[in-house]
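# Summary of structural features
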Amino acid sequence: MAASAPILLTPGPLTTSERTRKAMLTDWGSWDGSFNGLTASLCDTLVAIANGSGSHVCVPLQGSGTFAVEAAVGTFVPRDGKMLVLVNGAYGRRLATICERLGRAHGVHETPEDVPTTPEAVDRLIEEDRAITHVGLIHCETSTGILNPLPEIAAVVARHGRRLIVDAMSSFGALPIDARTVPFEALIAASGKGLEGVPGMGFVLAREEALLAAEGNTASLALDLRDQHLYLRRTGQWRFTPPTHVVAALHEALRQYEDEGGLPARHARYARNCETLIAGMRRLGLRSFLAPAVQAPIIVTFHAPRDGRYRFADFYGAVRDKGFILYPGKLTRVETFRVGCIGAVTPADMERAVAAVAETFRELGIETL
Ligand SMILES: *Cc1c(COP(=O)(O)O)cnc(C)c1O
């Protein structure tokens, strides 16, 4: 069993349920009313998860999450706008790279990878640079698992009359985001993370007025969210071929999300996964990289054992042979590895993963205590 179907403890693609995978056994016609119904229902549910029903719309987009981030920056930031990008990891840096490629002026505020951005810093930076029109924030920076204070930063940005673009890719559906109290211009997430669908589509939540006002901003045809929205609104169809199987799988995954008890239940399961994982690894002598107060229950970064015999590739391979796929670290200065807590996995799976890690250390003769 272990060799054929490993459990992915990676934050997307991740482990999906059999019910979700089975939803991909049907071929859907992209012009067919039944497929349009899937898209409409999916979008309604995604908006409702953020409490945005009636105020916000969902624009789905083909591609991985980064496509949706790039589409949001290009669509919402005018060519003469300027984005303040808040960075404490690789996804923040990627957001700055997107601004650069799109030719959008931007400034970068970087904190160490274990330090969240503070609302006070954002307040001061906006005061100092009146050219800033937009602020870009990564809600949970998946490169470590650190949580940035979205509601507090959103309040500061709104108080200054600036607009917030949130990459909530790994947190959406797992951590509460309330569109009624957290003002944002665009909030971006994707199918294959905490909603437990398969990868292949991103989506952006926004107010329709903001989408309509974004005319002429982007130079891209395929990544124009305003066009995508207007076409969908007019025809019920995606502009260009939709990832039909991905949509069907996400639709089915969302029914299970509701069956489970929605956001509170999903959040609670991930939090238990995370606690079980950290406690188990601590018993093995492995320390997590982040302070508990800033650790999101999405993915955990662990310091690698100091033992000179440790090599990530050997460790990874031996744990994989026991049925679990881990993730390499993404930090430049410290040797780490990462373990995801999201996906169709339970605390019992986390216990088994810890046991597989313990057995691997014994096999490889690695001392951790
Ligand atoms: C997964 C993720 C993305 C998108 O990455 P893709 O590889 O394009 O799917 C963007 N931001 C964050 C925070 C993520 O976790």
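Residues numbered from 1 in each chain as written. Predicted model: local features only at pLDDT ≥ 70, side-chain atom pairs only at ≥ 80, totals over all residues. Heavy atoms only, no water.

Applied cut-off: UniProt positions are given in the numbering used here, feature names are shortened, and annotations may be inferred rather than shown by experiment.
In the nomenclature of an unreviewed UniProt entry, the protein chain is known as 2-aminoethylphosphonate--pyruvate transaminase of Methylobacterium oryzihabitans. UniProt, in the comment section headed Subunit (unreviewed entry), describes the protein chain in these words: "Homodimer." Reading the Function (unreviewed entry) entry of the UniProt record for the protein chain gives the comment "Involved in phosphonate degradation."

## Observations regarding the environment of tryptophan 31
The following threshold applies: Here a strand is any run of E in DSSP of at least two residues, a helix any run of H or I of at least four, and the numbering for each starts at the N terminus. Note on exposure labels: buried denotes an accessible area under 20% of the residue type's maximum, exposed denotes more than 50%, and partly exposed covers the range between, all computed with a 1.4 Å probe on protein chains only.
Among the secondary structure elements, tryptophan 31 is positioned in the loop between α1 (18-22) and α2 (33-49). By relative accessible area, tryptophan 31 is classed as exposed at 68%. Linking tryptophan 31 and threonine 235, residues 204 residues apart in sequence, is a C-alpha distance of 9.4 Å.

## Examining the UniProt feature "modified residue: N6-(pyridoxal phosphate)lysine" (unreviewed entry) in the protein chain
Taking the UniProt record as the reference, the feature "modified residue: N6-(pyridoxal phosphate)lysine" (unreviewed entry) is found at Lys193. Tracing the chain through its elements places lysine 193 in the loop between β9 (186-190) and β10 (201-206). On the basis of relative accessibility, which here comes to 13%, the residue lysine 193 falls in the buried class.

## What about the packing of aromatic side chains?
Keep this limit in mind: Ring pairs shown here join Phe, Tyr and Trp side chains whose ring centres sit within 6.5 Å, with only the six-membered ring taken for Trp; geometry is labelled stacked below 30 degrees between planes, edge-to-face above 60, and tilted in between.
For the coordinates displayed, the defined rule picks out 8 aromatic pairs. Judged by centre distance (6.5 Å) and plane angle (65 degrees), the ring pair of phenylalanine 312 and phenylalanine 315 falls under edge-to-face. Of this pair, phenylalanine 312 and phenylalanine 315 are both found in helix α11 (residues 312-321), 3 residues apart, which corresponds to roughly one turn of the helix. A centroid spacing of 5.2 Å and a plane angle of 10 degrees characterise the contact between phenylalanine 315 and phenylalanine 361, whose relative ring orientation is stacked.

## A few points about the UniProt feature "domain: Aminotransferase class V" (unreviewed entry) in the protein chain
The residues that UniProt annotates with the feature "domain: Aminotransferase class V" (unreviewed entry) are residues 113-303. Between the end C-alpha atoms of residues 113-303 the distance is 14 Å, and the span holds 40% helix and 16% strand.

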